[in-house]
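# Coordinates in review
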Amino acid sequence: MQIIVVKHQKQANELVGGMFARILQTHTHPVFGLATGGTPEGLYQWLRASDLDFRKAVAVNLDEYVGLPATDPHSYAYYMRQHLFAHKPFAHTFIPDGSAKDLLAAAAGYHQILKDHPRTIQLLGVGRNGHIGFNEPNSSFKSTTRVVALTPSTIAANARFFKSKDAVPTHALSMGISEIMAAEQIVLMAFGTNKATAVKNLVAGRVTPRWPASILQRHPHVVVVVDEAAAAQLPVVTLKHAIHQ
Ligand code: GLP
């Protein structure tokens, strides 16, 4: 696991944007696993302003709220159109269908999509409780795409995007941990003090479903890009070996 500590989020966006650019240069039809939430907003802004061409690339998103159609401004489908897809067309984009009548079938269908589109890179954020995608604490490391119940802490954290806590969906359709781990490389971004405990556990804690992101220690190609606030609880020895920018 390579740890990069940046002074400013802008540097993280440039860095990950640069990784995306190299992938576009070296792969004819790359597959980008994409994430939502506050963390990648700056990266998407950087990509929108770039001259990168994604028309031969495929995007596969991590998750979607259950019950929200793609037209709902709170849905992740809407988020992706707004932040990236409307500005940078892809050959194809996939997001789990959280408004499907048959969610089991939607989950199975998404699992197949992931098999058919092995990801060149998977972008991740991390929840304060260590979730990746919407794989909450105690999710199985063998999990695949499924309906998950959101924890009260995740609902509280995401309430800032909604009118109130009560408006946050209670469930989501999320890529599973085994599918996240199947990506060729993974880049995780985390900013701010409220991610510091999750970052410590993901980088230097025991590998345990209690902290789902800790499984990333077992992946051969992971880059973790954090700002100084998110790196604040990392052990000194980890920081010594980290790249500081
Ligand atoms: C959200 C998403 C995750 C995201 C994480 C952190 O709920 N499901 O994909 O990485 O929680 O969100 P944020 O970047 O807004 O802090």
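Quick summary incoming for the structure in this document. (Residues numbered from 1 in each chain as written. Predicted model: local features only at pLDDT ≥ 70, side-chain atom pairs only at ≥ 80, totals over all residues. Heavy atoms only, no water.)

### Here we look at the nonpolar core
Residues Phe20, Phe32, Leu34 and Leu123 are the most contacted members of the largest nonpolar core, which totals 68 residues. It is helix α1 (residues 9–26) that contributes the most residues to this core, eight residues altogether. Among residues more than four places away in sequence, those in contact with Leu123 are Val16, Phe20, Gly33, Leu34, Ala35, Pro40, Leu43, Tyr44, Leu62, Val187 and Met189. (Core = buried A, V, L, I, M, F, W, Y, C linked by side-chain atoms within 4.5 Å. Buried < 20%, exposed > 50% of the residue type's maximum accessible area, 1.4 Å probe, protein only. Helix = DSSP H or I, 4+ residues; strand = E, 2+ residues; numbered from the N terminus. Contact = heavy atoms within 4.5 Å.)

### Comments concerning the site of the ligand
Surrounding the ligand, one finds 15 residues, the nearest of these being Gly38, Thr39, His131, Arg160 and Lys195. Asp63 has a polar side-chain atom sitting 2.9 Å from a nitrogen atom of the ligand. At 2.9 Å, a side-chain N or O of Arg160 approaches an oxygen atom of the ligand. Burial of the ligand by the surrounding chains reaches 95%, relative to a free accessible area of 390 Å². Of the residues contributing to the shell around the ligand, the split by class is four nonpolar, eight polar and three charged. (Near = heavy atom within 4 Å. Polar contact = N/O pair within 3.5 Å; in protein donor to acceptor, adjacent residues only side chain to side chain. Areas by Shrake-Rupley, 256 points an atom, 1.4 Å probe, with all protein chains shown as cover. Nonpolar A, V, L, I, M, F, W, Y, C, P; charged D, E, K, R; others polar.)

### Regarding the sheet that holds strand β4 (residues 63–65)
Strand order in this open sheet of three strands is β4-β8-β7, and the pairing throughout is antiparallel. Of all strands in the sheet, those with a lone pairing partner are β4 and β7 (146–149), marking the two edges. If you compare each strand with its neighbour and ignore which way they point, the axes differ by 30 degrees on average. Taken together, the three bridges between β4 and strand β8 (residues 171–174) define a ladder with antiparallel strand orientation. Within β8, the position partnered with Tyr65 by the bridge is Ala172. (Pairing = 2+ DSSP bridges. Axes fitted to C-alpha atoms, helices over the stretch in contact; angles between N-to-C directions.)

### Quick word on the side chain of His131
Relative to the helices and strands, His131 is located in the loop between β6 (121–124) and β7. Residue class for His131 comes out buried when judged on its relative accessible area of 11%. Separated by 3.0 Å, the side chains of His131 and Asn129 make a polar contact. Within polar-contact distance, the side chain of His131 engages the side chain of Thr154 at 3.2 Å. Apart from the residues lying within four places of it in its own chain, the contact partners of His131 are Gly125, Val126, Glu136, Thr154 and Pro212.

### Details of the environment of Gly109
Relative to the helices and strands, Gly109 resides in helix α4 (residues 103–116). With 96 residues separating them in the primary sequence, Gly109 and Asn13 have C-alpha atoms 32 Å apart.

### So, the sheet that holds strand β1 (residues 2–6)
As summarised here, the arrangement of the eight strands in space is β5-β3-β2-β6-β9-β10-β1-β11, forming an open sheet in which the pairing is parallel. Each edge of the open sheet carries a strand with a single partner, namely β5 (92–94) and β11 (243–244). Relative to strand β9 (residues 185–190), β6 runs parallel, the two being bridged by four bridges. Looking at the pairing, Ile121 lines up with Gln185 of β9.

### A short note on unusual backbone geometry
Trans peptide bonds make up most of the peptide bonds, and negative phi angles are found at most residues other than glycine. Of note, Asn138 is a non-glycine position whose phi angle comes to about 75 degrees, a positive value. Mapped onto the fold, Asn138 is located in the loop between β6 and β7. Of the residues examined, Asn138 reaches a relative accessible area of 61% and is grouped as exposed.

### Examining the packing of helix α2 (residues 41–49) against helix α3 (residues 76–85)
Two elements in contact, α2 and α3, have axes whose closest approach is 9 Å; the angle formed by their N-to-C orientations is 45 degrees. The orientation of α2 relative to α3 falls into the category oblique. Facing Glu41, Tyr44, Leu47 and Arg48 of α2, the residues of α3 in contact are Tyr79, Met80, His83 and Leu84. Of the residues that constitute the contact of α2 with α3, the class distribution is five nonpolar, one polar and two charged. (Parallel < 35°, antiparallel > 145°, perpendicular 65-115°, else oblique.)

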